[in-house]
Amino acid sequence: QVQLVESGGGLVQAGDSLRLSCAASGLSSYTMGWFRQAPGKEREFVATISYSGDTTYYADSVKGRFTISRDNAKNTVYLQMNSLKPEDTAVYYCAARRLGVVAAERFYDYWGQGTQVTVSS
């Protein structure tokens, strides 16, 4: 069985930082991604990383502020979020894909339950 468990969300002030973690089990050699969904909005792509960690892609809205990384020895993917803005408020989801990096959520096979990030102004 495959499980993805996100953690690290919380309530912060604009300009603060958070690091989200995604602990994976029953999974190996997978591309990983982060998506988010704000109230009343569609879920959107945030970032993705290849298994080796050599290839990363970011949504324009977070580029330069967020960094995705992974530690395969710990089976964990991270999302470092700096300079947070109120518009970053959303439930953040970790996802896994069997093949190469891609932004569209329909190509991801496994999903975590999400972790709430709230950024006050």
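Thresholds applied
Residues numbered from 1 in each chain as written. Predicted model: local features only at pLDDT ≥ 70, side-chain atom pairs only at ≥ 80, totals over all residues. Heavy atoms only, no water. Helix = DSSP H or I, 4+ residues; strand = E, 2+ residues; numbered from the N terminus. Buried < 20%, exposed > 50% of the residue type's maximum accessible area, 1.4 Å probe, protein only. Polar contact = N/O pair within 3.5 Å; in protein donor to acceptor, adjacent residues only side chain to side chain. Contact = heavy atoms within 4.5 Å. Core = buried A, V, L, I, M, F, W, Y, C linked by side-chain atoms within 4.5 Å.

Participant: What exactly am I supposed to notice about the side chain of R36 here?
Facilitator: Among the secondary structure elements, R36 is positioned in strand β4 (residues 31–37). The exposure class of R36 is buried, given its relative accessible area of 5%. Among the polar contacts listed, one links the side chain of R36 to the side chain of E44, at a separation of 2.7 Å. Among the polar contacts listed, one links the side chain of R36 to the side chain of D88, at a separation of 2.9 Å. With sequence-adjacent residues up to four places away left out, R36 is seen in contact with E42, R43, E44, V46, S61, V62, F66, E87, D88, A90, V91 and Y92.

Participant: Where do I start with the environment of Y58 in this structure?
Facilitator: For Y58, the position within the fold is in strand β6 (residues 56–58). What Y58 contacts, discounting residues up to four positions off in sequence, is F45, V46, A47, K63, F66, T67 and I68.

Participant: I would appreciate a short explanation of the nonpolar core in the present structure.
Facilitator: Generally speaking, soluble globular proteins have nonpolar side chains that are buried together. The biggest cluster of nonpolar side chains holds 31 residues, and the ones touching the most others in it are M32, W34, L79, M81 and Y92. Contributions of two or more residues to this core are made by β3 (18–25), β4, β5 (44–49), β7 (66–71), β8 (76–81), β9 (90–97) and β11 (115–120).

Participant: How should I be thinking about unusual backbone geometry in this particular structure?
Facilitator: Leaving glycine out, the prevailing phi sign among residues is negative, and the prevailing peptide bond configuration is trans. One non-glycine residue, N75, lies in positive phi territory at about 50°. The topology assignment puts N75 in the loop between β7 and β8. The partly exposed category is assigned to N75, whose relative accessible area is 40%. For S83, which is not glycine, the phi torsion reads 50° and is therefore positive. Mapping S83 onto the fold places it in the loop between β8 and β9.

None of the figures reported here should be taken as evidence of function without further support.
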